[in-house]
Amino acid sequence: TKFPPPPITPPPPQQMAQNIPMPMMSAPMLMPMLPPPPMAPMSYAISEAEFAKSHPGMYVLNVQCPLDTSGEVEGWGLVGQTIPISLNSVGSKVKELKEALSGVLGGMPANKQQLKDSLRGFLKDNQSFAFYNLEPNSTIELIPRKRGGR
């Protein structure tokens with residue numbers, strides 16, 4: 001006659017941990033960080049040439065100046081005013097607007113001016129307002145560059 005095999009009982013947990021070899025774990029694989037893909041150039045509704053063609057003649061922009069209470073930019077007359085500036089055309093460059101502002105703001109140098117649009121961010125000196133598709137009578141913000149980038 002055959003007898004059934006004896007029941008297999010697991011060892012106690014303490015002994016179990018001691019008897020089972022731990023698998024060898026290799027160092028985690030680190031994936032190299034890839035740089036983000038380059039940003040596509042800004043694309044506006046219509047081309048610079050088409051925008052300029054649809055907005056002939058004089059071009060007026062409003063520049064919102066900050067209220068300078070710190071006294072750091074004293075003499076430039078920054079009292080929170082909005083200044084309308086007339087330019088020859090929508091094809092005028094941002095640098096031309098800065099030069100016009102310099103005369104109005106007590107000689108504030110163009111290199112101390114940053115112009116910012118709420119949708120387009122900071123405007124580059126060598127671009128035209130047609131490039132940015134900025135409508136006439138739009139308001140842009142003047143941000144003075146301060147020493148030390150602050």
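All figures in this text were calculated on a predicted structure; none of them were measured in a lab. Sequence order as written defines the numbering, with residues in each chain counted from 1. With pLDDT at 70 or above as the cut-off, local features in this predicted model cover only qualifying residues; side-chain atom pairs require 80 or more to be listed or tallied, and sums for whole chains, interfaces and linings still use all residues. Each side-chain value is worked out from all heavy atoms of the structure, with water and hydrogens disregarded.

(A) Quick look at the environment of Arg145. Residue placement: Arg145 occurs in the segment after strand E5 (139–144). Separated by 31 residues in the primary sequence, Arg145 and Gln114 place their C-alpha atoms 6.6 Å from one another. Not counting chain neighbours up to four residues away, the residues in contact with Arg145 comprise Asn111, Lys112, Gln113 and Gln114. At 3.0 Å, the side chain of Arg145 and the backbone oxygen of Asn111 are in polar contact. Where helices and strands are cited, they refer to DSSP runs of H or I of at least four residues and of E of at least two residues respectively, numbered from the N terminus. Should any heavy atoms of two residues lie within 4.5 Å, those residues are considered in contact. A 3.5 Å cut-off defines polar contacts: any pair of N or O atoms within that distance qualifies, except that in protein one atom must be a possible hydrogen donor and the other a possible acceptor, and neighbouring residues in sequence count only when both atoms are side-chain atoms.

(B) Representation of the packing of aromatic side chains. In this scheme Phe, Tyr and Trp rings, the latter by its six-membered ring, pair at centre separations within 6.5 Å, and the angle between planes marks the pair as stacked below 30 degrees, edge-to-face above 60, and tilted otherwise. Per the counting criterion, the structure on display carries 2 aromatic pairs. Look at Tyr59 and Phe129: their rings are 5.7 Å apart centre to centre, the planes differ by 35°, and that puts the pair in the tilted class. With Tyr59 in strand E1 (residues 59–64) and Phe129 in the loop between strand E4 (121–122) and E5, the pair connects residues that are 70 residues apart, well separated along the chain. The same class applies to Tyr59 as to Phe129, namely buried. Relative to Tyr132, the ring of Phe131 lies with its centre 5.0 Å away and its plane at 85°, an arrangement referred to as edge-to-face. The classification of residues rests on relative accessible area computed with a 1.4 Å probe and restricted to protein chains. Under 20% of the type maximum is buried, over 50% is exposed, and intermediate values are partly exposed. Classification of Tyr132 by relative accessible area gives buried; the value is 3%.

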